[in-house]
Amino acid sequence: MGDEWADWKPGAEAGGSSEAPKSLFLVFSLLVLALLLLGIWLFWYLAFPRFESFGPGFVPAAGAVFIAVGCALAVWYASQALSAAFKVKLTPSFVASRLSLRVLLPGAVRIASLFGITRDRIGSSFIKFHNDLMYATGTGKSAKKILILLPRCLSAEIRNKIKELGERYEFTAYTAFGGDEARKAIKDNRPDAVIGIACERDLISGIQDTAPKMPVFGLANKRPEGPCKNTSIDIGELERIVRYCLSK
């Protein structure tokens, strides 16, 4: 892919400039929630005359249902945002791993693009949010078997450091050359938890594909020489995730 990598501009990605705080995703996901609530209100407004034709008792009942749905969405979002922000379990892991991936993330990516924010920056923010939500809900703890999926572009130095960690913590590290290979590695190894290392867009795709089935953490690589060349990672952050997964 090299310099033709989508959205990449020479120097723009150097030094890991795709890094973004968790708050960036929270802001745009809040806009997604606002649009969902607006859509519910608009549907109610347009359907109100039809509801009235069903009888006098139908309107209050339908209104109560719409209010309940809107409040449930607001509570669901607040519980996720507060859980990730304060690392306190306020939302079930089932809710965290599915609804945020299927509803908030796609909408946040689309809205962010309207403001000139790349998929990589919103992806970087989402990965931090997702990992913190995993910590908050206790998802992925007590793992006996950890699989770490590596990209082919990691530098030799980083690979050696990951190998040293693997000898210390006894996890399996596998270099995947694409999504199909990554899925096969997961199927063959049957891990209790997966840690994916890749660029933000590949991590988002992998998390969406894997998180509903098993615990998965993401760790975005850094690209000081541009995409797909001698990339690196924060080894300390990787060890932190591994230690969390192995904790009781």
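Residues numbered from 1 in each chain as written. Predicted model: local features only at pLDDT ≥ 70, side-chain atom pairs only at ≥ 80, totals over all residues. Heavy atoms only, no water.

Student: Before we move on, could you go through the overall build of the protein and cite the residues and values that matter?
Tutor: If you tally the helices and strands in the protein, you get eight helices and four strands. Ordering the α and β elements of the protein from the N terminus gives α-α-α-α-β-α-β-α-β-α-β-α. Of all 248 residues assigned to the protein, the portion counted as buried reaches 49%. Across the protein, contacts joining residues at least 24 apart in sequence account for 75% of those joining residues at least 6 apart. Counting every atom, the protein has about 12800 Å² of accessible surface; 61% of that belongs to carbon and sulfur. (Helix = DSSP H or I, 4+ residues; strand = E, 2+ residues; numbered from the N terminus. Buried < 20%, exposed > 50% of the residue type's maximum accessible area, 1.4 Å probe, protein only. Contact = heavy atoms within 4.5 Å. Areas by Shrake-Rupley, 256 points an atom, 1.4 Å probe, with all protein chains shown as cover.)

Student: Lay out the layout of surface pockets in plain terms, naming residues and giving numbers.
Tutor: As a volume, the largest pocket reaches approximately 640 Å³. Around the largest pocket sit 33 residues that line it, and Gly 178, Gly 179, Ile 197, Ala 198 and Asp 202 are the ones nearest its centre. When residues of the lining of the largest pocket are traced back to their parent elements, those giving at least two are β1 (146–150), α6 (179–189), β3 (193–198), α7 (200–210) and β4 (216–220). The greatest single-element share of the lining of the largest pocket, amounting to seven residues, is contributed by α7. In terms of residue class, the lining of the largest pocket is built from 20 nonpolar, eight polar and five charged. For the second largest pocket, the calculated volume is near 280 Å³. In terms of residues, the lining of the second largest pocket owes the most to one element, helix α4 (residues 119–137), which gives six residues. Among the residues making up the lining of the second largest pocket, the classes are represented as five nonpolar, three polar and seven charged. (1 Å grid on protein atoms, 1.4 Å probe; cavity = no way out; pocket = protein on both sides within 12 Å on 5 of 7 lines; lining within 4 Å. Points joined across faces, edges and corners; volume = space filled by probe spheres on them. Nonpolar A, V, L, I, M, F, W, Y, C, P; charged D, E, K, R; others polar.)

Student: Can you break down the pairing of β3 residue by residue, with the values?
Tutor: Judged by how many residues are buried, β3 sits mostly within the fold: six of six residues are covered. The two faces of β3 match: Ala 193, Ile 195 and Ile 197 on one face and Val 194, Gly 196 and Ala 198 on the other face are all buried. Two strands pair when backbone bridges link them, and β1 and β3 are joined in this way by four bridges, in the parallel orientation. Bridge assignment links Ile 148 to a residue of β3, and that residue is Ile 195. As paired elements, β3 and β4 share five bridges and run parallel to each other. Looking across to β4, one finds that Ile 197 is bridged to Leu 219. Crossover handedness for the path β3 to α7 to β4: right-handed. (Pairing = 2+ DSSP bridges. Right-handed = clockwise from strand over helix to strand, strands pointing away.)

Student: Tell me about the nonpolar core, and please be specific about residues and values.
Tutor: Core analysis: the biggest nonpolar cluster contains 39 residues, and Phe 25, Phe 28, Phe 126, Phe 129, Leu 149 and Ile 207 have the highest contact counts within it. The greatest single-element share of this core, amounting to seven residues, is contributed by helix α3 (residues 93–114). By size, the runner-up hydrophobic cluster in this structure holds 24 residues, among which are Ile 146, Ala 193, Ile 235 and Cys 245. (Core = buried A, V, L, I, M, F, W, Y, C linked by side-chain atoms within 4.5 Å.)

Student: Outline the packing of helix α1 (residues 22–53) against helix α2 (residues 58–86), supporting the account with residue identities and numerical values.
Tutor: Across the interface, α1 lies against α2 with an axial gap of 10 Å and an inter-helix angle of 175 degrees. The orientation of α1 relative to α2 falls into the category roughly antiparallel. Among the residues forming the contact of α1 with α2, the class breakdown is 21 nonpolar, three polar and two charged. (Axes fitted to C-alpha atoms, helices over the stretch in contact; angles between N-to-C directions. Parallel < 35°, antiparallel > 145°, perpendicular 65-115°, else oblique.)

Student: Describe the pattern of salt bridges, listing the residues and the values that go with them.
Tutor: In the structure shown here, the tally under the stated rule is eleven salt bridges. For Lys 87, the salt bridge identified is with Asp 132, shortest N-O distance 3.7 Å. With Lys 87 in the loop between α2 and α3 and Asp 132 in helix α4, the pair connects residues that are 45 residues apart, well separated along the chain. Relative accessible area serves as the criterion here: at 41%, Lys 87 is assigned to the partly exposed category. Given a relative accessible area of 11%, Asp 132 falls into the buried group. For Lys 161, the salt bridge goes to Glu 157, with nearest N and O atoms at 3.5 Å. With Lys 161 and Glu 157 both in helix α5 (residues 156–169), this residue pair falls four residues apart, about one helical turn. On the basis of relative accessible area, Lys 161 is assigned to the partly exposed category, the value being 35%. Here Glu 157 falls in the exposed class, since its relative accessible area comes to 52%. The structure contains a network of salt bridges with shared partners spanning Lys 22, Lys 87 and Asp 132. (Salt bridge = Lys/Arg side-chain N within 4 Å of Asp/Glu carboxyl O.)

None of the figures reported here should be taken as evidence of function without further support.
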